[in-house]
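# Examination of the molecular architecture
Here is what each chain is made of, one letter per residue.
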Amino acid sequence: MVEPSKVVGLISDFGDSPYTGIMRAVIKSISRELQIIDIDHSIPSFSPLAGAYVVAHTYQWLPKGSVIVAVVDPGVGTSRYALAVETENYVFIGPDNGVLYPAAASDGIKRVYALREKDVNSLARMKTSSTAGTVKPWSISRTFHGRDVFAPAGALIAAGHASLEELGDEIEPERMKRTSIDHVEKLGPSTFRATVVYIDKFGNVALSIRPKKLGINLSLYKSVVLRTHTTSNTIKMGKTFGDANPGELVAYENSFGHLEIAVNRGNAAKKLGLELEARVEIELLENSGPVPNGSRGMRNADLLGVSSRSLGETIW
Amino acid sequence: MVEPSKVVGLISDFGDSPYTGIMRAVIKSISRELQIIDIDHSIPSFSPLAGAYVVAHTYQWLPKGSVIVAVVDPGVGTSRYALAVETENYVFIGPDNGVLYPAAASDGIKRVYALREKDVNSLARMKTSSTAGTVKPWSISRTFHGRDVFAPAGALIAAGHASLEELGDEIEPERMKRTSIDHVEKLGPSTFRATVVYIDKFGNVALSIRPKKLGINLSLYKSVVLRTHTTSNTIKMGKTFGDANPGELVAYENSFGHLEIAVNRGNAAKKLGLELEARVEIELLENSGPVPNGSRGMRNADLLGVSSRSLGETIW
Amino acid sequence: MVEPSKVVGLISDFGDSPYTGIMRAVIKSISRELQIIDIDHSIPSFSPLAGAYVVAHTYQWLPKGSVIVAVVDPGVGTSRYALAVETENYVFIGPDNGVLYPAAASDGIKRVYALREKDVNSLARMKTSSTAGTVKPWSISRTFHGRDVFAPAGALIAAGHASLEELGDEIEPERMKRTSIDHVEKLGPSTFRATVVYIDKFGNVALSIRPKKLGINLSLYKSVVLRTHTTSNTIKMGKTFGDANPGELVAYENSFGHLEIAVNRGNAAKKLGLELEARVEIELLENSGPVPNGSRGMRNADLLGVSSRSLGETIW
């Protein structure tokens, strides 16, 4: 394992809440020398996909040897593994619902452990019994594994108080639940079916299209047509939202390498009626395209479904 | 006093705002070696009750010897004590409006001090005069005691720059304003009148009912009837929100030991029309209850009030 | 330059988001010994004026020698300087859109540098190449200079890894874009035209009027008349929002020295229909004024404009 950095990076859907604060407090009670870096607590509730996007595009900025604790866990208290994944440069801890997969895979998975939740909790209890005033008894709740399992596991590993072997049972990496943040179907030479993988606080819509990974040189294209089942919009291609007039739609490669749709000084998700995990069709055009028109380009929804299935070529 | 941990835990209703940032900056200007743990800044404005719930269920996860600064202070600038409360393992600092009471009482109150606000402020001014570029003159504003009194007092005590005696006058603990986060009235063998003490960011509704404290074994019950003045809902008892189908109501003991109502992947407070500090009636049923029905079970509001008063037995 | 404090204060309009988290991670990857103080990430998007207000009223609480990184940058990716401003006690880093100006001017501007963005980025890349798992290649995106330029510059300077000269070219301070958070026009002896410079999370409305700076003794006045183009409200003068009854409007000098309008336990911005950067007319009255009346006091909008231009005397 890479030399621990004594840094714990926290990602969750807890927002600013006592849940986030308790995770920080538990970590500090386990070891005062750990540094906590809050990465993002604004993951949309119940969306491991959006969580996976954030984990995958943030972890690499942390010092090597950091432990990333990612708690986006709609299935808490039901049967699902709590995982610790050792990769080339980091350790990832979180529920086995896909939230860790794209990040871990991109850094290079070395070993995957299913945490023995009770062992994690009792070692944490032992370590904090003299340092914190923690509730007695501290057992594993059914609803808050961030406090009872994930933050403790992250702190114990980051502080060097426990090895992964002491906290979990190694499992085959293939058993990890997978999600993809860049899965596209190729429908034609420059037409793709993609997924909305993230909507940020400005309403910018990130798609599962990573042009560089697909070998696409975006600068060759002047516009994109974005189609949903009910609408079609031709959108100017730019380099940044400032390339559009205020209120105007613009498409560009975002700072994480994904194709993104924004409205300069506005909210693209609202304007386009797009939600997280929505499926869209994207066509890249070498010219500036037809005049944007909210109604033209509509197709029969079923027909679109059929054509995508018949033409579809999975390229990831 | 317990050995200081050099940790200051912050709780407020300031959200992400310059007010929160200034409190952090003041603490660091008073002593660079202090560690700040943000516990929660999302307390609903003007609700010392919700603040009391959060303080009471978070403080015990901090290292012993930490100072907890809780600023939920709708009465700032009017006459109310600024308190420092020494308990078995911690020091609590905040306004005397009940926000500190349940936490302090549960840890064991040793001494209560009414802060001499001007002494706190001038000592803080002295300590920061060479370290920070703080505004000159720094006096006590009428609207931001988080900056001018509470954060400075917390930092001075946590850093060991001042004793409680130097910053305040000891008062009788009985003079502290009290709130209760687990007050219930017993209306019948398994029927209680309770208060909504907290609504979290998911819309989960925590009630003032702590089953273990009331000697109630929740696993004996299959459902609860929740009645307000205008509605009645029979709700399945579970162990976690995942025990209900998406969109369905479920009741369970939350991770802080309170009876809580949630909607799996939904917002229970909105669905039930419940607000913070609302009064509800809860009946525990050993079977799965009648078919849920939003309209049956309504009672005349006055009659309900009368019956609760006549049947009511305060058990806390 | 003042002795570095090893503290980086962060201000942005990124909210709780991966963007904020990545800035923190980049700083820690550049130097583990830096302390990060989150000042405020809730700046309204696209408002350098509100950002300027927050920077100007928070920086002075940080330890001297701190570096303040302020990313409110609607023009990211277009041509605008990235600045580093050395002042008497601090270094300010951010885009050249006015967000830094009032703070820097109030602390005393010593030298202004236009950052050479590529030099900043490559030095940061070098410093993190062995410590972080950062993406390779790390180049300057068009949309996220917080990650690629501002946070790295702040960390490099705060850690002493680079001097301002090594990262930028000195420019004339006069070339900095200016904003004012306390510009008023005097329309009469106690009548002013002012701007809404900030609306806080409680809906309290801060105006560009700083009574002390204008030589005004607010305690001589009993009420203020606030006029917009369509409404007029006579508002009681107080010392704090608690001086009004719940739901009632009140005016007072806020904790940053600005005239502010609030509703006790309510939202003044909503009640008055005021938005950031709105222009209002304020008249201070020595008595309690006429009975508040939402419709009286209206004037013809054009006439008001004319009279302000003819009577207007810029006093800042």
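Quick summary incoming for the structure in this document. The structure presented is a predicted model; accordingly, all values stated were derived computationally and were not measured.

### So, the relation of the copies chain C and chain B
Mapping chain C onto chain B leaves a residual RMSD of 0.0 Å; the transformation is a rotation of 120 degrees accompanied by 0.0 Å of translation along its axis. Taken together, the rotation and translation describe the operation of a three-fold axis. Considering only C-alpha atoms, the residue of chain C closest to the rotation axis is Asp 16 of chain C, which sits at 4.8 Å. Mapped onto chain B, only 3% of the interface residues of chain C again fall at the interface, so the copies present different surfaces.

### Notes on the relation of the copies chain C and chain A
For the match of chain C to chain A, the screw axis carries a shift of 0.0 Å, the RMSD comes to 0.0 Å, and the turn is 120 degrees. Mapped onto chain A, only 3% of the interface residues of chain C again fall at the interface, so the copies present different surfaces.

### A closer look at the interface of chain C and chain B
Listed per partner, the contact involves 35 residues of chain C and 34 residues of chain B. Interface area, chain C with chain B, both sides summed: about 2900 Å², of which 60% is carbon and sulfur. The tally of links between chain C and chain B comes to 0 salt bridges. The interface formed by chain C and chain B holds 12 residue pairs in polar contact (both at pLDDT 80 or more) in total. For the side of chain C that touches chain B, the secondary-structure elements that each account for two or more residues are strand E2 (35–40) and helix H2 (48–58) of chain C. Sort the elements by how many residues they give to the side of chain C that touches chain B and E2 of chain C lands first, with 5 residues.

### A word on the interface of chain C and chain A
If you look at the interface, chain C gives 34 residues, while chain A gives 35 residues. Between chain C and chain A, roughly 3000 Å² of surface is buried when both sides are summed, and carbon and sulfur atoms account for 60% of that area. Of all residues in chain C, the largest losses of buried area upon contact with chain A belong to Asp 16, Tyr 19 and Arg 32 of chain C, amounting jointly to 20% of the total for that side. At the junction of chain C with chain A, the criterion picks out 0 salt bridges. Where chain C meets chain A, there are 12 residue pairs in polar contact (both at pLDDT 80 or more).

### Regarding the sheet that holds strand E4 (residues 82–87) of chain A
All names here are of chain A. If you trace the 7 strands from one edge of the open sheet to the other, you get E2-E1-E3-E5-E4-E6-E7, paired in mixed fashion. The sheet is open, and its two edges are formed by strand E2 (35–40) and strand E7 (168–171), each paired on a single side. Direction aside, the axes of adjacent strands within the sheet are offset by 25 degrees on average. Judged from the 4 bridges that link them, strand E6 (residues 109–115) and E7 form a sheet pairing that is antiparallel. When the bridges of E7 are listed, Leu 115 appears paired with Gly 168. Against the sheet, helix H5 (residues 145–158) contacts strand E1 (7–12), strand E3 (67–71), E4, strand E5 (91–95) and E6, and its axis sits at roughly 175 degrees relative to E3.

### Quick look at the packing of helix H1 (residues 18–30) of chain A against H5 of chain A
Residue and element names in this part refer to chain A. Direction vectors running N to C along H1 and H5 enclose 40 degrees, while the axes themselves pass 9 Å from each other. In this view, H1 runs oblique relative to H5, as classed from their interaxial angle. Classified by chirality, the crossing of H5 by H1 is right-handed. Within the contact between the two elements, H1 uses Ile 22, Met 23, Val 26, Ile 27 and Ile 30 and H5 uses Gly 146, Arg 147, Ala 151, Pro 152, Ala 155 and Leu 156.

Rules of the game
Residues numbered from 1 in each chain as written. Chains lettered and ligands numbered in written order. Predicted model: local features only at pLDDT ≥ 70, side-chain atom pairs only at ≥ 80, totals over all residues. Heavy atoms only, no water. Least-squares fit on C-alpha atoms with pLDDT ≥ 70 in both. Contact = heavy atoms within 4.5 Å. Buried area = accessible area lost by both parts, 1.4 Å probe. Salt bridge = Lys/Arg side-chain N within 4 Å of Asp/Glu carboxyl O. Polar contact = N/O pair within 3.5 Å; in protein donor to acceptor, adjacent residues only side chain to side chain. Helix = DSSP H or I, 4+ residues; strand = E, 2+ residues; numbered from the N terminus. Pairing = 2+ DSSP bridges. Axes fitted to C-alpha atoms, helices over the stretch in contact; angles between N-to-C directions. Parallel < 35°, antiparallel > 145°, perpendicular 65-115°, else oblique. Left-handed = near helix turned anticlockwise from the far one by under 90°.

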